[in-house]
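The lines below spell out each chain.
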Amino acid sequence: MVLPGGSDGAAAGRGPAVSASPDTREQARERAGSESAEDDALVASRPPGLADPAKKELAQQLVASAENSTLRWRETFGAVEDAGDGVGYTAGIIGFTTGTHDLLALVEGYTKDHPDNGLAEFLPALREVDGTDSHEGLDPGFTQAWRAESEKPAFRAAQEAERDRVYFDPAVRMAKLDGLGTLGQFVYYDAMVRRGPDTGPEGFYGLREQAVRKARTPGQGGGEEAFLEAFLDVRRAAMLARKPGADTSRVDTVQRRFLREGNLELATPLTWQVNGSTFRIP
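The rules behind these values
Residues numbered from 1 in each chain as written. Predicted model: local features only at pLDDT ≥ 70, side-chain atom pairs only at ≥ 80, totals over all residues. Heavy atoms only, no water. Salt bridge = Lys/Arg side-chain N within 4 Å of Asp/Glu carboxyl O. Helix = DSSP H or I, 4+ residues; strand = E, 2+ residues; numbered from the N terminus. 1 Å grid on protein atoms, 1.4 Å probe; cavity = no way out; pocket = protein on both sides within 12 Å on 5 of 7 lines; lining within 4 Å. Points joined across faces, edges and corners; volume = space filled by probe spheres on them. Nonpolar A, V, L, I, M, F, W, Y, C, P; charged D, E, K, R; others polar. Axes fitted to C-alpha atoms, helices over the stretch in contact; angles between N-to-C directions. Parallel < 35°, antiparallel > 145°, perpendicular 65-115°, else oblique. Left-handed = near helix turned anticlockwise from the far one by under 90°. Contact = heavy atoms within 4.5 Å. pLDDT = per-residue confidence, 0-100. Expected span 1.5 Å × (residues − 1). Buried < 20%, exposed > 50% of the residue type's maximum accessible area, 1.4 Å probe, protein only. Core = buried A, V, L, I, M, F, W, Y, C linked by side-chain atoms within 4.5 Å.

### Focus: the pattern of salt bridges
Right, so step 1: Taken as a whole, this structure holds 20 salt bridges when the rule is applied.
Right, so step 2: Its salt-bridge partner being Glu67, residue Arg250 comes within 3.0 Å of it at the nearest N-O pair. Of this pair, Arg250 sits in helix H11 (residues 249-260) while Glu67 is found in helix H3 (residues 53-68), placing the two residues 183 residues apart along the sequence.
Right, so step 3: Its salt-bridge partner being Arg213, residue Glu209 comes within 3.7 Å of it at the nearest N-O pair. With Glu209 and Arg213 both in helix H9 (residues 204-214), this residue pair falls 4 residues apart, about one helical turn.

Written as structure tokens, this is what we have:
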């Protein structure tokens, strides 16, 4: 989830001035999560793209390289720490946080199916600290409980399901509705993970709206490469507006690198640099 104090923090409103349209953003989010027959047919007519199992695996590796400096994303189910970025504890495969509601939603859903799990006792505290960076009621014991629960296949499956429900599926669907290929779908997914599925100017849909004001999507008759350049410009500006001098390599030497190589389908082999490290996938 979005980390407000990090290099991709919530400060898109400090970037280039745009005319905000909450209704437009809400419509886009509803469309990404809707099941209208017309949109379903359009999405179904597109190639699998990032939803192809091999490409989805690649997407998780790309995100993990930026988030945890590893390609072995399955080793991060039990990761949990407070990075001092204002959102409390960050945990799991996609960076669920105690301060931005998605970790609470994950544990609530998991507890409905597994009421005797080791995290259930922390639900009252998680509800109290939601929206803050507080550890009240979580220390001591929460981090140990998270690591222990993450050894269980059921909780690992719950993390993956919540990742897909909140981030992956809506991002890929929106990208397909916008006429984007596999790279564009990943660009949306990575932004959704970091910025959150929010309709405010600081969330994913706010960034998308700014990009649409700069260039038409392929679905609107625009060029795919031109639109992705515009989207990445908006995202990079938001990162730097929040933290001048921030590391923007996940945009510059990952996504934009693939774009300028013309690799719109994320074909392997891939080589990229992020956070000072080089990664390769044959």
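Still more to cover.
### Here's the deal with the layout of surface pockets
Right, so step 1: Of the voids in this model, the second largest pocket is the one considered here, and its volume is about 290 Å³.
Right, so step 2: Lining the second largest pocket are 15 residues; nearest its centre among them are Arg29, Arg165, Val166, Pro170 and Pro197.
Right, so step 3: Elements with a minimum of two residues in the lining of the second largest pocket: helix H1 (22-33), helix H4 (102-113) and helix H7 (153-177).
Right, so step 4: It is H7 that contributes the most residues to the lining of the second largest pocket, 4 residues altogether.
Right, so step 5: Of the residues assigned to the lining of the second largest pocket, the class counts are 7 nonpolar, 3 polar and 5 charged.

### Some details on the packing of H9 against helix H10 (residues 224-242)
A pair of packed helices can be characterised by two numbers: the angle between their axes and the separation between those axes.
Right, so step 1: Running from N to C, H9 and H10 point in directions that differ by 130°, and their axes come no closer than 8 Å. On the basis of the axis angle, H9 is oblique to H10. When you trace H9 past H10, the crossing you get is right-handed. Within the contact between the two elements, H9 uses Phe204, Leu207, Arg208, Gln210, Ala211, Val212 and Lys214 and H10 uses Phe227, Ala230, Phe231, Val234, Arg235 and Ala238.
Right, so step 2: Its residues assigned to classes, the contact of H9 with H10 shows 9 nonpolar, 1 polar and 3 charged.

### Considering empty space enclosed by the protein
Right, so step 1: Scanning the model with the defined rule gives 2 cavities of 30 Å³ or more in all.
Right, so step 2: Taken as a whole, the largest cavity encloses approximately 60 Å³ of empty space.
Right, so step 3: Forming the boundary of the largest cavity are Gln60, Val63, Ala64, Glu67, Asn68, Trp73, Thr76, Ile93, Ile94 and Arg163.
Right, so step 4: In terms of residues, the lining of the largest cavity owes the most to one element, H3, which gives 5 residues.
Right, so step 5: If you go around the second largest cavity, the residues you meet are Leu62, Ser65, Ala66, Phe186, Asp190, Arg250, Val254 and Gln255.
Right, so step 6: The set of elements that each furnish at least two residues to the lining of the second largest cavity consists of H3, helix H8 (182-195) and H11.
Right, so step 7: Classifying every residue of the lining of the second largest cavity gives 4 nonpolar, 2 polar and 2 charged.

### Some details on the confidence of the model for the chain
Right, so step 1: Per-chain confidence: the chain averages 91 in pLDDT, with 92% of residues scoring 70 or above.
Right, so step 2: Within the model, the stretch residues 2-7 combines pLDDT values under 50 with 30 contacts to residues more than four positions away or in other chains.
Right, so step 3: Within the model, pLDDT remains below 50 along residues 9-20, and this stretch shows 33 contacts once partners closer than five positions in the same chain are excluded.

### Focus: H8
Right, so step 1: With 14 residues, H8 extends 20 Å between its outermost C-alpha atoms, agreeing within 8% with the 20 Å of an ideal straight helix rising 1.5 Å per residue.
Right, so step 2: Of all 14 residues in H8, 14 are buried; the element is thus mostly enclosed.

### Structural notes on the nonpolar core
General note: in soluble globular proteins, nonpolar side chains tend to be found buried as a group.
Right, so step 1: In this structure, Leu126, Phe142, Trp146, Tyr188, Tyr189, Leu266 and Trp272 are the most contacted members of the largest nonpolar core, which totals 76 residues.
Right, so step 2: No other element matches H7, which puts 10 residues into this core.
Right, so step 3: Among all residues touching Trp272, those that are not within four sequence positions of it are Leu62, Ser65, Leu71, Thr253, Val254, Arg257, Phe258, Ser277, Thr278, Phe279, Arg280 and Ile281.

### Considering the packing of H8 against H11
Right, so step 1: Between H8 and H11, the least distance of the axes is 10 Å, while the angle of their chain directions is 160°. In terms of axis orientation, H8 runs roughly antiparallel to H11. Crossing angle aside, the handedness with which H8 passes H11 is left-handed. Mapping the contact onto sequence places Leu183, Phe186, Val187, Asp190 and Arg194 in H8 and Arg250, Gln255, Phe258 and Leu259 in H11.
Right, so step 2: Broken down by class, the residue content of the contact of H8 with H11 amounts to 5 nonpolar, 1 polar and 3 charged.

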